[in-house]
Amino acid sequence: MIVKRIEYQKKERAIKTLYLIRHAKSDWSDGKIDDFERGLRKKGYKDIQTMGSYLALHGVSPDLIISSSALRAQLTADELAKRIEYPGKIHYMEELYLSRPERILNILSLQDDQYESIFVVGHNPELTILANKLVDNQLGKMPTLGIVKIDFDIESWDQIEEGKGKFDFYIYPNQFRYYMPKQIRAVLHRDKSLLEDDEG
């Protein structure tokens, strides 16, 4: 009997990484402003500095940022991009404003496969629902500027499917309320106004 030797070649896994990011805390001070045009509170900008510094500290740098075109989402995407020194163009999409999770998934499936990692900046409850559809974890309601990282063992974005994601991390501003890494606090001290308490 001849036994044929089978040699296995180690195949490098193809990984696509998705970051679902809810916009920062928005400004409700003027009830006459349309929801689409609401900006950010000072607390929102403070949280962006904290979370952006955390991402930069861990070397997070997406290949593409797409964002809802609502003002609060645009401002969040812009400020995060500055903090992590994102060199690319941010794509603002009206389709990401109050879109159903299935619509967001469809938008992702159409992205160029040259992008290995993508930021999606949008709104609740859609992002929370989508995150829970993509991974087995039940994350609960994502707070403002909550960030969920999900990995997919796929080669193309059109292969993204519900239940196929692997949960990596879930971070949000209140995690840093009582403890903040020294590196992040050092960065924030450059603008002391961001360290002032801003309730709400």
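Heads up: the structure comes first, above all this text.
Criteria and cut-off values
Residues numbered from 1 in each chain as written. Predicted model: local features only at pLDDT ≥ 70, side-chain atom pairs only at ≥ 80, totals over all residues. Heavy atoms only, no water. Helix = DSSP H or I, 4+ residues; strand = E, 2+ residues; numbered from the N terminus. Buried < 20%, exposed > 50% of the residue type's maximum accessible area, 1.4 Å probe, protein only. Contact = heavy atoms within 4.5 Å. Areas by Shrake-Rupley, 256 points an atom, 1.4 Å probe, with all protein chains shown as cover. Axes fitted to C-alpha atoms, helices over the stretch in contact; angles between N-to-C directions. Parallel < 35°, antiparallel > 145°, perpendicular 65-115°, else oblique. Left-handed = near helix turned anticlockwise from the far one by under 90°. Nonpolar A, V, L, I, M, F, W, Y, C, P; charged D, E, K, R; others polar. Salt bridge = Lys/Arg side-chain N within 4 Å of Asp/Glu carboxyl O. Expected span 1.5 Å × (residues − 1). Pairing = 2+ DSSP bridges.

Draft legend 1. View of the overall build of the protein chain. A tally of helices and strands in the protein chain yields 5 helices and 6 strands. Going from N to C terminus, the protein chain has its helices and strands arranged as β-α-β-α-β-α-β-α-β-β-α. Every one of the 200 residues in the protein chain was classed for burial, and the buried ones make up 48%. Relative to all contacts within the protein chain whose residues are 6 or more apart in sequence, the contacts with residues 24 or more apart total 76%. With the model as given, the accessible surface of the protein chain reaches about 11700 Å², and the carbon-plus-sulfur share is 47%.

Draft legend 2. Just the packing of helix H3 (residues 101-109) against helix H4 (residues 126-134), in detail. Interhelical geometry of H3 versus H4 gives an angle of 70 degrees and a closest axis separation of 9 Å. As summarised for this structure, H3 and H4 are arranged roughly perpendicular, according to the angle between their axes. Where H3 crosses over H4, the two elements pack in a sense that is right-handed. Residue-level inspection shows Pro101, Glu102, Ile104 and Leu105 of H3 in contact with H4, the latter providing Glu126, Leu127, Ile129, Leu130, Lys133 and Leu134. Within the contact of H3 with H4, the residues separate by chemical class into 7 nonpolar, no polar and 3 charged.

Draft legend 3. Just the environment of Phe152, in detail. The residue Phe152 is located in strand E5 (residues 147-152) in this model. Using a relative accessible area of 0% as the deciding quantity, one classes Phe152 as buried. Between the C-alpha atom of Phe152 and that of Thr17, which follows or precedes it by 135 residues, the distance is 6.2 Å.

Draft legend 4. Focus on the pattern of salt bridges. Under the criterion given, the structure shown has 9 salt bridges. Lys82 is the salt-bridge partner of Glu79, the closest N and O atoms lying 3.4 Å from each other. You can see Glu79 and its partner Lys82 sitting in helix H2 (residues 71-83), 3 residues apart, about one turn around the helix. What makes Glu79 buried here is its relative accessible area of 17%. Salt bridges sharing partners connect three or more residues here, namely Arg100, Glu102, Lys133 and Glu162.

Draft legend 5. Here's a closer look at H2. In a regular helix each residue adds 1.5 Å, so 13 residues correspond to 18 Å; H2 covers 18 Å between its end C-alpha atoms and thus fits that length. Among all positions in H2, only Arg72, Ala73, Thr76, Ala77, Glu79, Leu80 and Ala81 are buried. Against the buried residues of H2 lie strand E1 (16-22), helix H1 (42-57), strand E2 (64-68), strand E3 (90-93) and strand E4 (117-122). Just past H2, the residue Glu85 takes up positive phi, approximately 55 degrees.

Draft legend 6. Geometry of H4. In terms of burial, H4 is a largely internal element, 7 of the 9 residues being buried. If you follow the buried residues of H4, they end up packed against E1, H3, E4 and E5.

Draft legend 7. Seen up close, the pairing of E5. The element E5 is largely enclosed, with a buried count of 6 among its 6 residues. Across 6 bridges, E1 lies against E5 in antiparallel orientation. Counted as the bridge partner of Thr17 is Asp151 from E5. Where E5 and strand E6 (residues 166-171) come together, 5 bridges link them in antiparallel fashion. Considered in E6, the bridge of Ile147 is made with Ile171.

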